[in-house]
Amino acid sequence: ITVSARDGRPIAAGSGVIVSSTGQILTNYHVVSGGIFFDVKIPGNPNILPARAMKCAPEKDLALLSVTSDRPLRPVRLSKQRPSVGARVVAVGSPLSLEGSITDGVVSQYRSDSGIQLIQTTTPISPGSSGGGLFTLTGELAGITTMTLKSGQALNFAVAVAEMGSLAPCSEFPALESEDSEPATATPTPAPTTTPCPPKLRLKMGALDFVEAPEVMALTGQRTVRVRGIVANEGCGSASFVQLRATVRVKNQYIASK
């Protein structure tokens, strides 16, 4: 998972675990916190998938992203009971951007820190492993790797998968809320002072108030233009993901894309 700021500059990177065939990816909250754009690279799929934050549990250091994939996604199996102390476990993640790295160790103990159920493990993790999975030898997800204590040796921790029940819609990312989400309170919405945008124009409203340099690359005989930016809503409703048709000039040639 690559996390970028408003200007498109990468500010963080981490790992994630597919927990639903519909495209839900579980990761750490500290991986996505402060981000605007989220890009997901799934092993075996050459495409970079844009994601949005759907649910969070900051106090549990968990977040749930959602992607739409052009290929079937195979979710992990969740562990129904926690592995015993001394049981072997493996961590899968992208430490230092080394995708798909696997390390092994044992469950050292179970800890509780500020109400969070943590699995202490000797399984090595490094920066970039955050949000990856801690699995039993039968392939079930036991926890999400979250931190290591550098002051000691083999002191690594994962948030127990049981903490997923704390996930709730993210108030930290209001621009990414789904359009069918209900208001948090029953306070009536004030009547608009301006004429609302016609429904058919919702996906055509506004303009990009930031666009990074487009990247053009050859892909299966076609030219793909990737443009990312922020949509100014111009007072016509909440921001949303939009389809964009653009004309890009590359080496004095014009390439139409949408």
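Predicted model only: the values in this text are computed from it and were never measured.

Rules used in this analysis
- Residues numbered from 1 in each chain as written.
- Predicted model: local features only at pLDDT ≥ 70, side-chain atom pairs only at ≥ 80, totals over all residues.
- Heavy atoms only, no water.
- Helix = DSSP H or I, 4+ residues; strand = E, 2+ residues; numbered from the N terminus.
- Buried < 20%, exposed > 50% of the residue type's maximum accessible area, 1.4 Å probe, protein only.
- Contact = heavy atoms within 4.5 Å.
- Areas by Shrake-Rupley, 256 points an atom, 1.4 Å probe, with all protein chains shown as cover.
- Core = buried A, V, L, I, M, F, W, Y, C linked by side-chain atoms within 4.5 Å.
- Disulfide = S-S within 2.5 Å.
- pLDDT = per-residue confidence, 0-100.
- Lys, Arg positive; Asp, Glu negative; His and termini not counted.
- Salt bridge = Lys/Arg side-chain N within 4 Å of Asp/Glu carboxyl O.
- Pairing = 2+ DSSP bridges.

To continue, consider the overall build of the protein chain. Along the protein chain, the regular secondary structure elements total 1 helix and 21 strands. Within the protein chain, buried positions represent 37% of all 258 residues. Considering only contacts in the protein chain between residues 6 or more positions apart, those separated by 24 or more positions represent 56%. Carbon and sulfur atoms make up 54% of the accessible area of the protein chain, which totals about 15500 Å².

The subject of this paragraph is the nonpolar core. Core analysis: the biggest nonpolar cluster contains 19 residues, and Ile25, Val40, Leu65 and Val67 have the highest contact counts within it. Looking at this core, the elements that each hand over two or more residues are α1 (29-32), β5 (37-41), β6 (48-57) and β7 (62-67). Looking at this core, the element that brings in the most residues is β6, giving 4 residues. Setting aside its immediate chain neighbours within four residues, Ile25 contacts Ile1, Gly16, Val17, Ile18, Val40, Ala63, Leu64, Leu65 and Val67.

Moving on: the environment of Phe38. Secondary-structure assignment places Phe38 in strand β5. It is 6.4 Å that separates the C-alpha atoms of Phe38 and Arg52, two residues lying 14 residues apart in sequence.

Turning next to the state of the cysteines. For the coordinates displayed, the defined rule picks out 1 disulfide. Residue Cys56 pairs covalently with Cys170 via a disulfide, S to S 2.0 Å. In this structure, the disulfide formed by Cys56 and Cys170 twists by about 95° around the S-S bond and is classed as right-handed. Residue Cys56 is found in strand β6, and its partner Cys170 is found in the loop between β15 (168-169) and β16 (207-211); the two are separated by 114 residues along the sequence. Cys170 carries the same exposure label as Cys56, and that label is buried.

Phi is positive for Asp61, close to 60°, though the residue is something other than glycine. Mapping Asp61 onto the fold places it in the loop between β6 and β7.

Predicted coordinates in regions of low pLDDT should not be interpreted in detail. Predicted confidence across the protein chain gives a mean pLDDT of 77, with 67% of residues reaching 70 or more. At the level of individual helices and strands, the protein chain shows its lowest average pLDDT in strand β17 (residues 215-219), which scores 41, and its highest in strand β12 (residues 133-136), which scores 98.

On to the side chain of Asp61. Lacking a salt bridge, the buried Asp61 has Lys60 as its closest oppositely charged neighbour, with an N-O distance of 12 Å. Sequence-distant contacts of Asp61, that is, excluding residues within four places in its chain, are made with Thr27, Asn28, Tyr29, His30 and Thr146.

One can find Gln120 in strand β11 (residues 116-121). Among the residues examined, Gln120 registers a relative accessible area of 10% and is labelled buried. Setting aside residues up to four positions removed in sequence, Gln120 forms contacts with Val106, Val107, Ser108, Gln109, Arg111, Leu155, Asn156 and Phe157.

Turning next to the pairing of strand β4 (residues 24-27). Sheet topology note: the strand β3 (residues 17-18)/β4 ladder contains 2 bridges and is antiparallel. From the neighbouring strand, Val17 faces β4, where its bridge partner is Leu26. Between β3 and β4, which pair antiparallel in sequence order, lie 5 residues; one of them, Gly23, sits at a positive phi of approximately 105°.

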